[in-house]
Amino acid sequence: MTRTPVNVTVTGAAGQIGYALLFRIASGQLLGADVPVRLRLLEIPQAVKAAEGTAMELDDCAFPLLAGIDIFDDPTPAFEGANVALLVGARPRTKGMERGDLLEANGGIFKPQGQAINAGAADDIKVLVVGNPANTNALIAQRNAPDVPAERFTAMTRLDHNRALAQLSKKAGVSVADIKKMTIWGNHSATQYPDIFHAEIGGKNAAETVNDREWLENDFIPTVAKRGAAIIEARGASSAASAAGAAIDHVYTWVNGTPEGDWTSMAVPSDGSYGVPEGLISSFPVTCKDGRWEIVQGLEIDDFSRARIDASVNELAEERDAVRKLGLV
Ligand code: NAD
Ligand code: LMR
């Protein structure tokens, strides 16, 4: 092994997404088949033993790219030297908990994690927030890491993007590989807007190719937007392997680039593009090159899309205002 290992910090390592994610990172799927990684796992004290068990299994896989595993119950050392941080651990909503309570509980997690990233992460740190409410948790972490460039903080809507690809591929009877330029706008929540008006199937406009407004409005959009709840209903637990797969896709694309003639969806700090208030961490169509993302510019947004983007962005603004009131951002 000649390259210096990349430090990848994963929070919530003993959770169900963690279990689906860590083996894929260690096998080279996060960064590339020639990139050694050192895993730094963060858990709450009660779950450290379970994380140790997962680490034993990681050892037992004898992954050639896995340069080491360290386990922490304190964010400060966990993020020391981190090049990539996957913030998966979050406080789930429990019975009787209001939205404000959830934001506050997560503030207690993402504020100190942002501060720890600010204090000790590597200069090239890239952060992906998976733990819900992902966009606003990313905002909390970002605002508590003032010395880190804001664009290094992103939240995951790649799962929604992949869900949209799957639904469209079934409808059109094509492979997901034939679909390009899918977009998820807004929040990773039921208000998100999966947009096929700019997508292409085999080089032709996807909405025109499908040409089924009833399906678009009453099937495709709600199916994608409510897929997380449908998985919970069916599995009795929230999506894990697909969420881990999307996290792998998000970081791999960010680091290694989007293919020519395509883009992806990432929730990133808005620069005001498409009327999304500056600073909100909202999903956009983005291209990636040389480890940097850029929002795709110049797309025409009709009234139908505008109303849906605005609804989701308004929800993000409300979440931002709520965490602002709590003194978290
Ligand atoms: P889980 O409950 O199985 O695991 C979460 C883990 O996080 C637990 O092991 C817990 O001990 C740990 N944790 C809690 N607080 C922590 C802290 N302060 N520091 C470190 N670790 C901490 O949950 P899961 O199924 O793995 O899901 C994790 C999160 O991802 C949830 O918030 C879920 O809603 C979210 N999620 C997001 C998406 C998305 O597309 N953005 C998709 C699926 C799930
Ligand atoms: C998902 O989209 O599968 C999850 O965000 C659902 C959830 O609430 O954990």
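Calculation notes
Residues numbered from 1 in each chain as written. Chains lettered and ligands numbered in written order. Predicted model: local features only at pLDDT ≥ 70, side-chain atom pairs only at ≥ 80, totals over all residues. Near = placed C-beta within 6 Å. Nonpolar A, V, L, I, M, F, W, Y, C, P; charged D, E, K, R; others polar. Domains from an automatic or database assignment. Axes fitted to C-alpha atoms, helices over the stretch in contact; angles between N-to-C directions. Helix = DSSP H or I, 4+ residues; strand = E, 2+ residues; numbered from the N terminus. Parallel < 35°, antiparallel > 145°, perpendicular 65-115°, else oblique. Contact = placed C-beta atoms within 7 Å. UniProt positions renumbered as here; feature names shortened; annotations may be inferred. Buried ≥ 20, exposed ≤ 12 C-beta atoms within 10 Å, placed from the backbone.

S.K.: Where do I start with the site of ligand 1 in this structure?
M.R.: By nearness alone, 27 residues border ligand 1, and Gly12, Gly15, Ile17, Gly89 and Ala90 come closest of all. Partitioned by chemical class, the residues of the shell around ligand 1 number 15 nonpolar, 11 polar and 1 charged. Counting residues domain by domain, the shell around ligand 1 receives three or more from each of domain 1 (6-155) and domain 2 (158-319).

S.K.: Could you clarify how one ought to interpret the site of ligand 2 in this entry?
M.R.: The environment of ligand 2 is formed by Asn132, Leu159, Gly228, Ile231, Ser238, Ser239 and Ala243. Of the residues assigned to the shell around ligand 2, the class counts are 3 nonpolar, 4 polar and no charged.

S.K.: Looking at this structure, I do not really get the packing of helix H6 (residues 158-172) against helix H10 (residues 241-256). What am I missing?
M.R.: A packed helix pair is summarised by two numbers, namely the angle formed by the two axes and the spacing between the axes. Between H6 and H10, the least distance of the axes is 8 Å, while the angle of their chain directions is 105°. The angle between the axes of H6 and H10 places the two elements in the roughly perpendicular class. Of the residues in H10, those in contact with Arg158, Leu159 and Asn162 of H6 are Ser242, Ala243, Ala246, Asp249 and His250.

S.K.: Before we go on, may I ask you to explain the domain arrangement of the protein in this structure?
M.R.: Often the size quoted for an interface is simply the accessible area lost on bringing the parts together. On domain assignment, one finds that the protein holds domain 1 (6-155) and domain 2 (158-319). With centres defined by C-alpha atoms, the gap from domain 1 to domain 2 works out at 23 Å. If you list the elements that add at least two residues to the side of domain 1 that touches domain 2, you get helix H1 (16-26), strand S4 (84-87), strand S5 (126-129), helix H5 (134-143) and strand S6 (153-155). Element by element, the count of residues in the side of domain 1 that touches domain 2 is highest for H5, at 6 residues.

S.K.: Looking at this structure, how should I read the UniProt feature "binding site: substrate" (unreviewed entry) in the protein?
M.R.: Those places that UniProt annotates as "binding site: substrate" (unreviewed entry) correspond, in this numbering, to Arg93, Arg99, Asn132 and Arg163. Considering the C-alpha atoms alone, the annotated residues occupy 71 residues of sequence and remain spread out, their largest mutual distance being 25.4 Å. Tracing the chain through its elements places Arg99 in helix H4 (residues 99-120). Take Arg99: there are 12 C-beta atoms within 10 Å of it, and that puts it in the exposed class. Relative to the helices and strands, Asn132 resides in the loop between S5 and H5.

S.K.: Please clarify how the UniProt feature "binding site: NAD(+)" (unreviewed entry) in the protein should be interpreted in this entry.
M.R.: Mapped onto the present numbering, the UniProt feature "binding site: NAD(+)" (unreviewed entry) falls on Gly12, Ala13, Ala14, Gly15, Gln16, Ile17, Gly18, Asn106, Gln113, Val130, Gly131 and Asn132. Along the chain, the position of Gly15 falls in the loop between strand S1 (6-11) and H1. The contacts of Gly15, once residues within four sequence positions are left out, are Val88 and Gly89. One can find Gln16 in helix H1. Dropping the residues within four chain positions of it, Gln16 is found in contact with Ala237 and Ala240.

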